[in-house]
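Notes for the structure review
If you want the building blocks of each chain, they are given just below.
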Amino acid sequence: VQLQASGGGSVQAGGSLRLPCVGSGTTLSVYNMGWFRQAPGKERELVAAITSRGGGSTYYGDSVKGRFTISRDDAKRTVYLQMNSLKSEDTAVYYCAADPSVADTARAVKWIHSTWGQGTLVTVSS
């Protein structure tokens with residue numbers, strides 16, 4: 001699978017963005033999908049994840065709970081990250097990832113054999 005993330009840009013604090021990640025080469029439905037981010041000088045962190053085959057389980061990092069929503073449309077081979085109430089600390093390069101492992105919950109995905117898309121930059125100004 002190849003992944004293409006987009007939708008990044010500059011937004012003021014309190015604003016919203018939606019990041020799509022489009023897959024090609026194969027169906028996305030068999031993959032657990034995740035959104036990660038990496039801010040300057042910081043390690044890459046998992047922001048949100050959703051399990052394969054309809055996405056029965058989701059996971060959110062503590063810093064984005066209640067503000068971000070991950071969803072998937074397997075017919076369109078697309079995973080979305082809806083980001084609301086953006087804060088300056090959300091500024092980062094955002095990456096999507098596809099993991100083929102079997103996991104009961106999104107929290108349990110290990111992201112060891114993942115495929116990564118290129119990043120898309122989100123800049124939030126206060």
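Our subject is the structure listed above.
What you are looking at is a predicted structure, and each value in this text was computed from that prediction instead of being measured. (Residues numbered from 1 in each chain as written. Predicted model: local features only at pLDDT ≥ 70, side-chain atom pairs only at ≥ 80, totals over all residues. Heavy atoms only, no water.)

Concerning the nonpolar core
The nonpolar side chains of soluble globular proteins are, as a tendency, buried together. If you look at the biggest cluster of nonpolar residues, it comprises 28 residues, and the most contacted ones within it are Met33, Trp35, Phe68, Ile70, Leu81, Met83 and Tyr94. Of all the elements in the fold, those that place two or more residues in this core are strand 1 (2-5), strand 3 (17-24), strand 4 (32-38), strand 5 (45-50), strand 7 (68-73), strand 8 (78-83), strand 9 (92-99) and strand 11 (120-125). Sorting elements by how many residues they give to this core places strand 9 first, with 4 residues. Tyr94 has contacts with Leu19, Trp35, Phe36, Arg37, Val47, Phe68, Leu81, Met83, Gln118, Gly119, Thr120 and Val122, leaving out every residue within four places of it along the chain. Formed by 8 residues, the second largest nonpolar core is a distinct cluster that contains Phe36, Ala49, Ala103 and Ala106. (Core = buried A, V, L, I, M, F, W, Y, C linked by side-chain atoms within 4.5 Å. Buried < 20%, exposed > 50% of the residue type's maximum accessible area, 1.4 Å probe, protein only. Helix = DSSP H or I, 4+ residues; strand = E, 2+ residues; numbered from the N terminus. Contact = heavy atoms within 4.5 Å.)

Observations regarding the pairing of strand 8
Counting buried residues along strand 8, 5 of its 6 residues qualify, which places the element largely inside the surrounding structure. As paired strands, strand 3 and strand 8 are joined by 6 bridges and run antiparallel to one another. Residue pairing for strand 8: Leu19 is matched across the bridge by Leu81. Between the antiparallel neighbours strand 7 and strand 8 lie 4 residues, among them Arg77 with a positive phi of about 55°. (Pairing = 2+ DSSP bridges.)

Notes on the pattern of salt bridges
Scanning all chains against the criterion turns up 5 salt bridges. The salt bridge involving Lys65 is made with Asp62; its shortest N-O contact spans 3.2 Å. Given a relative accessible area of 46%, Lys65 falls into the partly exposed group. On the accessibility criterion, Asp62 (67% relative accessible area) is exposed. In this structure, Asp90 engages Arg67 in a salt bridge whose closest nitrogen and oxygen atoms are separated by 2.7 Å. (Salt bridge = Lys/Arg side-chain N within 4 Å of Asp/Glu carboxyl O.)

Things to note about the pairing of strand 4
The buried count for strand 4 comes to 6 of 7 residues, which makes it a mostly enclosed element. Note: strand 4 against strand 9, 7 bridges, orientation antiparallel. Among the inter-strand pairings, Phe36 is bridged to a residue of strand 9, identified as Tyr95. Here 5 bridges tie strand 4 to strand 5, and the two strands are oriented antiparallel to one another. Bridging from a neighbouring strand, Gly34 pairs with Ala49 of strand 5.

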